[in-house]
Amino acid sequence: MNDVIKNARDIITGYDGPKLRIMEVCGTHTHEIFRLGIRSLLPESIDLISGPGCPVCVTPVGYIDEAIYLALEKSCVICTFGDLIKVPGTKMSLAGARSEGADVRPVYSPDDAVELAREFAETAKEEGIADARQVVFLAVGFETTTPSACIAVKKAKRLGLTNFSILTANKTMPSAYAKLKGSADAFLYPGHVNAIAGNAVCRKLVEEGVSGVVAGFTANELMTALAVTIELSKKGEPFFENCYSRVVKEEGNVAAQKLVDSVMEPCDSEWRGLGIIENSGMKLRKEYADYDARIKYSVPEIQGKSNPACRCPEILQGHCKPTDCPLFGKVCDPVHPVGACMVSDEGSCAAYYHYGASIGINL
């Protein structure tokens, strides 16, 4: 055991102050904390809770329904990251739509979807077909993945593709932190988000009484972030600290910020469990409207309905834990998920299911 982890462990295990609720916002943090056995070190006075840090988990049911509408009613080829395929919509998932004939394809990046659209366009031209097959990329993600969606749109425009568009569900994290004020005493901020966005917003949140520490993803970095959170909380006043300075710079990634700003603009956005949060989403600017799937296909307003027994909304707010859900590990598991938190590799329900034995959860 190195000195960094030993010192951090001593601070964590030695804490005997008032109840301290720390929310790890990032789904990767949730899984790594489980995998590394950090939860087993926590005294009863520290409650580590999982928040809405998984983009798939906070994507509302209505968005899945929109994607299914495009796949089944408009015959679009849907390209998406794999996790989203199994997330339940109101009546079915994208996997269910595929079983009914929809063309749903997992991709590794938005660029894969652009290239597919280009292939379809070239094939249509060679065969003398007027209309090439239409490709829609499901743009789901936070600050970390939004730039790649913007690059894809700019590339499609540069290539003159008329058969490519994106269905946006891009979100920004800071508004969610403010919305969750009161759900935890302090946040473990996701290092990769701050690497793009910078620290200014988190420092501003301190003025609103929101505390947090930027954390990396290794054992040293996570243990250090928890220890720093504990030590700063003892002062009894809001705080912010960057414990991932080797990657996160104060100004963030300025080039990525400028790229996103040139293609997208803020909009109100619905979050599963949190409702509509003002200016927390991103949509394409008017000059890129031709690549906005909602506009291009006149997608009707769809109000999705989730399974009323699923407690994902409360779990995402930190109001309860996955094990408090009556469906957890019984009706709902990774093979037959009822809620998004069990689908995603970063979901808190999936983490509890896979690693729960380490903290005494018996399935």
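Residues numbered from 1 in each chain as written. Predicted model: local features only at pLDDT ≥ 70, side-chain atom pairs only at ≥ 80, totals over all residues. Heavy atoms only, no water.

Some remarks on the sheet that holds strand β8 (residues 212-215)
For step 1, the next point in the chain: Strand order in the open sheet formed by five strands is β2-β1-β7-β8-β9, and the pairing between neighbours is parallel. Of all the strands in the sheet, just β2 (46-53) and β9 (240-242) have a single pairing partner and so form its edges. On average, each strand axis in the sheet is tilted by 20° relative to the strand beside it, whichever way the strands run.
For step 2, the next point in the chain: As paired elements, β8 and β9 share three bridges and run parallel to each other. Bridge assignment links V213 to a residue of β9, and that residue is E241.
For step 3, the next point in the chain: Contacts from helix α2 (residues 27-35) reach β1 (20-26), β2, β7 (186-190) and β8 within the one sheet, and its direction differs from that of β1 by about 115°. (Pairing = 2+ DSSP bridges. Helix = DSSP H or I, 4+ residues; strand = E, 2+ residues; numbered from the N terminus. Axes fitted to C-alpha atoms, helices over the stretch in contact; angles between N-to-C directions. Contact = heavy atoms within 4.5 Å.)

Focus on the packing of α2 against helix α16 (residues 348-355)
For any two helices packed against each other, the geometry is given by the interaxial angle and the distance between the axes.
For step 1, the next point in the chain: In the contact formed by α2 and α16, the axes pass within 9 Å of each other and the chain directions differ by 15°. One finds that α2 runs roughly parallel with respect to α16. Judged by the twist between their axes, the crossing of α2 over α16 is right-handed. For the pair α2 and α16, the contacting residues are T30, H31, F34 and R35 in the first and S348, A350, A351, Y352 and Y355 in the second.
For step 2, the next point in the chain: Along the lines of polarity and charge, the residues of the contact of α2 with α16 split into five nonpolar, three polar and one charged. (Parallel < 35°, antiparallel > 145°, perpendicular 65-115°, else oblique. Left-handed = near helix turned anticlockwise from the far one by under 90°. Nonpolar A, V, L, I, M, F, W, Y, C, P; charged D, E, K, R; others polar.)

Concerning the state of the cysteines
For step 1, the next point in the chain: All chains considered together, the criterion is met by zero disulfides.
For step 2, the next point in the chain: Among the cysteines around C243, which has no disulfide bond, C202 carries the closest sulfur, lying 12 Å off.
For step 3, the next point in the chain: Looking at C310, it has no disulfide partner, and the nearest cysteine sulfur is the one in C312, 3.5 Å off.
For step 4, the next point in the chain: Accessibility expressed as a relative area gives 13% for C310, which makes it buried. (Disulfide = S-S within 2.5 Å. Buried < 20%, exposed > 50% of the residue type's maximum accessible area, 1.4 Å probe, protein only.)

What to know about the sheet that holds strand β3 (residues 77-80)
For step 1, the next point in the chain: Taken together, six strands build an open sheet; the order of strands is β4-β3-β5-β6-β11-β10 and the sheet is mixed. The sheet is open, and its two borders are formed by β4 (104-106) and β10 (264-271), each paired with just one other strand. Averaged over neighbouring strand pairs, the angle between their axes works out to 25° when direction is ignored.
For step 2, the next point in the chain: With seven bridges connecting them, β10 and strand β11 (residues 275-284) associate as antiparallel partners.

Topic: the side chain of T168
For step 1, the next point in the chain: Inspection of the secondary structure puts T168 in strand β6 (residues 164-171).
For step 2, the next point in the chain: When near neighbours in sequence (up to four residues on either side) are disregarded, T168 contacts Y63, A139, M264, M282, K283 and R294.

Let's talk about helix α6 (residues 110-127)
An α-helix turns once per 3.6 residues; consequently, residues spaced three or four apart project the same way.
For step 1, the next point in the chain: Relative to the 26 Å expected for 18 residues at 1.5 Å per residue, α6 spans 26 Å between its end C-alpha atoms, a close match to the ideal helical length.
For step 2, the next point in the chain: Among the residues making up α6, those that are buried are P110, A113, V114, L116, A117, F120 and A124. One face of α6 carries all of its buried residues, which in axial projection span an arc of 160°. Seen from the open side of α6, the exposed residues pointing more than 90 degrees away from its buried face are K125 and E126.
For step 3, the next point in the chain: Looking at the buried side of α6, the elements it contacts are β3, β4, β5 (135-141), α7 (146-159) and β6.
For step 4, the next point in the chain: In the stretch just after α6, G128 is the one whose phi turns positive, near 70°. (Expected span 1.5 Å × (residues − 1). Arc of directions from axis to C-beta.)

Let's talk about the pattern of salt bridges
If charged atoms from side chains of opposite charge come close, those side chains can pair.
For step 1, the next point in the chain: All told, the structure shown has 19 salt bridges when counted by the stated rule.
For step 2, the next point in the chain: A salt bridge links E24 to R39, with the nearest nitrogen and oxygen atoms 3.4 Å apart. Residue E24 is located in strand β1, and its partner R39 is located in the loop between α2 and β2; the two are separated by 15 residues in the primary sequence. Here E24 matches R39 in class, with each residue buried.
For step 3, the next point in the chain: Salt-bridge contacts for D103 lead to R133; the nearest nitrogen and oxygen are separated by 3.0 Å. In this pair, D103 is assigned in the loop between α5 (94-99) and β4 and R133 in the loop between α6 and β5, connecting sequence segments 30 residues apart.
For step 4, the next point in the chain: A relative accessible area of 39% means that R133 is categorised as partly exposed. (Salt bridge = Lys/Arg side-chain N within 4 Å of Asp/Glu carboxyl O.)

Side note on the pairing of β6
For step 1, the next point in the chain: The buried fraction of β6 is high, at eight of eight residues.
For step 2, the next point in the chain: Side chains of β6 alternate between two faces, with F164, I166, T168 and N170 and S165, L167, A169 and K171 buried alike.
For step 3, the next point in the chain: In the sheet, β5 pairs with β6 via seven bridges, with the strands oriented parallel. In the strand pairing of β6, F137 is matched with I166.
For step 4, the next point in the chain: For the crossover from β5 across α7 to β6, the handedness is right-handed.
For step 5, the next point in the chain: Bridge analysis of β6 against β11 gives two bridges, and the strand direction is antiparallel. Within the sheet, the bridge partner assigned to N170 lies in β11 and is M282. (Right-handed = clockwise from strand over helix to strand, strands pointing away.)

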